[in-house]
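# Close look at the chain arrangement
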Amino acid sequence: MKKKIHLAASIAMYSLAILLMGYYFALEFNKNFTMLPGNRVGVLLFICLFMYFGGRMLSKYAVGNKEKIYRINLFIWFILYIILLSTLTLFDSYFHRNILNFFNWSSEIFKNYTTHSLNLVPFSTISYYIINFAGGSISYPIFWFNIVGNLAALTPFAFFLPMLFKKQENFKNFAAAILMIVISIELLQFITLSGTCDIDDVILNSAGAYIVFGILHIKPIKTLIRNIFLPGCSE
């Protein structure tokens, strides 16, 4: 009887997650509607939350496959994060990003992009925002999005990569993977003339991911994370 209850609860949780996922993508691809970044993250967090509890209930019904259930959940969350990251960095009209600019390429547009949206001088953009924020000429939200936002943007990789790929538990492997991911994003933005291509984004994105990687690998924290997301599973 208990197993049937767990199965029913799991189906209900996953059904809610699927409905929310449908809602998310319906709004995401609606040209007449713009989802704010915070709203996107909020909806995705609820999807993950429903899936998490659905997975816990399902693991009690299918005891022998619980590790597989948890890992499938993690993989789906990872894919959702990749979609969110791709949207925010390449397609998001809220941040004036449009990958389709690539098809409207012209020497004038390219010149304008390299003049206003390309920075290859390390710490130039970071110091600009810090100095102007301290002087009061840049508002808190702008500073938050450009400095703190860039620090936080790739931190989920510090959770997902080591949990999903054994080799990524090694910091050298993780550091190399993050560096390649960040550089790839910046190159895509440059090639498609979408957003900005900035060496300081590489610095901030990488630094944020490395810091969180270090925090999540503190032994008590690592154990807690595994107990929450991979309970009872072997390392």
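Before reading further, recall that the structure is shown in the block above.
Residues numbered from 1 in each chain as written. Predicted model: local features only at pLDDT ≥ 70, side-chain atom pairs only at ≥ 80, totals over all residues. Heavy atoms only, no water.

Next up on the list: the overall build of the chain. Helix and strand counts for the chain stand at 10 helices and 2 strands. Helices (α) and strands (β) of the chain occur, in sequence order from the N terminus, as α-α-α-α-β-α-α-α-α-β-α-α. When the backbone C-alpha atoms are referred to their principal axes, the chain occupies close to 70 × 45 × 35 Å. Long-range contacts, defined here as pairs at least 24 residues apart, represent 72% of the contacts in the chain between residues at least 6 apart. In the form shown here, the chain has an accessible surface area of approximately 13,800 Å², with 71% of it arising from carbon and sulfur atoms. Charge centroids of the chain, computed over 18 positive and 10 negative side chains, lie 19 Å from each other. (Helix = DSSP H or I, 4+ residues; strand = E, 2+ residues; numbered from the N terminus. Contact = heavy atoms within 4.5 Å. Areas by Shrake-Rupley, 256 points an atom, 1.4 Å probe, with all protein chains shown as cover. Lys, Arg positive; Asp, Glu negative; His and termini not counted. Charge placed at Lys NZ, Arg CZ, Asp CG, Glu CD.)

For the rest of this paragraph, the subject is the nonpolar core. Nonpolar side chains in soluble globular proteins tend to be buried together. One finds F157 and F174 to be the most contacted residues of the largest nonpolar core, which totals 40 residues. Among the secondary structure elements, those contributing two or more residues to this core are α1 (2-28), α2 (37-61), α3 (66-91), α7 (156-164), α8 (171-192) and α9 (199-216). Considering every element that reaches this core, the biggest residue donor is α3, with 10 residues. Each residue touching F174, except ones within four places of it in the same chain, is listed here: F157, A158, L161, Q168, A209, Y210 and F213. Within the second largest apolar cluster, 6 residues are counted, among which are I126, Y129, F143 and I147. (Core = buried A, V, L, I, M, F, W, Y, C linked by side-chain atoms within 4.5 Å. Buried < 20%, exposed > 50% of the residue type's maximum accessible area, 1.4 Å probe, protein only.)

Honestly, it's all geometry; don't read function into it.
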